[in-house]
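Commentary on secondary and tertiary structure
For reference, the chains in residue letters:
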Amino acid sequence: MDMRKKKAIVEAALESEYERQALGIMNTEQALKLEDSDGLVFSHPDKEAGVTDHFVDQDELRRLVRRSTSPHPLLQSQARTTRSS
């Protein structure tokens, strides 16, 4: 699941006060390599690219990707079952 988020597909667009002009579809890794530009926005990685109206700027996209790929400690103590009789 983490890999899916890291490579999630997003729509890149230029947003102005009056309109949003689609630039293309790419994965989040490619999106984060783009040069930061005023008005450059990306569809939320949890939403369907090309369909959603939920857009975020590059900084927010970076936070979302970082959060989704950060290692989460497994709660092994809860997963183990100990039987005592």
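Being a predicted model, the structure only gives us computed values, none of them experimental.

1. Thoughts on the nonpolar core
In terms of nonpolar packing, the biggest core is built from 10 residues, these being Val 10, Ala 12, Met 26, Ala 31, Leu 40, Phe 42, Val 56, Leu 61, Leu 64 and Val 65. Broken down by secondary-structure element, the contributors of at least two residues to this core are strand S1 (9-15), strand S3 (40-43) and helix H3 (58-69). Looking at this core element by element, the count peaks at 3 residues for H3. For Ala 31, the residues in contact, after removing those within four places along its chain, are Val 10, Met 26, Phe 42, Gln 58 and Leu 61.

2. Quick word on the pairing of S3
Burial along S3 is two-sided: the face carrying Leu 40 and Phe 42 and the face carrying Val 41 and Ser 43 are both buried. In this sheet, S3 lies alongside S1 in antiparallel orientation, the contact comprising 3 bridges. In the sheet register, Ala 12 faces S3, and the bridge partner there is Phe 42. Bridge analysis of S3 against strand S4 (residues 55-57) gives 3 bridges, and the strand direction is antiparallel. Note on S4: the bridge partner recorded for Val 41 is Asp 57.

3. Some words on the confidence of the model for the chain
Mean pLDDT for the chain: 82, with 75% of residues reaching 70 or above. Low pLDDT (under 50) marks residues 74-82, which in the prediction has 0 contacts with non-local residues, meaning those over four places away or in another chain.

4. As for the pairing of S1
Summarising the sheet, S1 and strand S2 (residues 20-27) pair through 7 bridges and their orientation is antiparallel. When the bridges of S2 are listed, Ile 9 appears paired with Asn 27. As consecutive antiparallel partners, S1 and S2 are separated by 4 residues.

5. A few points about the pattern of salt bridges
If the charged atoms of two oppositely charged side chains come close together, the side chains can form a pair. Per the counting criterion, the structure on display carries 4 salt bridges. Asp 59 is paired through a salt bridge with Arg 62; the nearest N and O atoms lie 3.2 Å apart. Of this pair, Asp 59 and Arg 62 both sit in helix H3, 3 residues apart, roughly one helical turn. Of the residues examined, Asp 59 reaches a relative accessible area of 40% and is grouped as partly exposed. Looking at Arg 62, the relative accessible area reads 29%, which means it is partly exposed. Of the charged contacts in the structure, one is a salt bridge between Glu 60 and Arg 63, with a shortest N-O distance of 2.9 Å. Here Glu 60 and its partner Arg 63 are both found in helix H3, 3 residues apart, which amounts to about one turn of the helix. On the accessibility criterion, Glu 60 (27% relative accessible area) is partly exposed.

Reading the values: rules and limits
Residues numbered from 1 in each chain as written. Predicted model: local features only at pLDDT ≥ 70, side-chain atom pairs only at ≥ 80, totals over all residues. Heavy atoms only, no water. Core = buried A, V, L, I, M, F, W, Y, C linked by side-chain atoms within 4.5 Å. Buried < 20%, exposed > 50% of the residue type's maximum accessible area, 1.4 Å probe, protein only. Helix = DSSP H or I, 4+ residues; strand = E, 2+ residues; numbered from the N terminus. Contact = heavy atoms within 4.5 Å. Pairing = 2+ DSSP bridges. pLDDT = per-residue confidence, 0-100. Salt bridge = Lys/Arg side-chain N within 4 Å of Asp/Glu carboxyl O.

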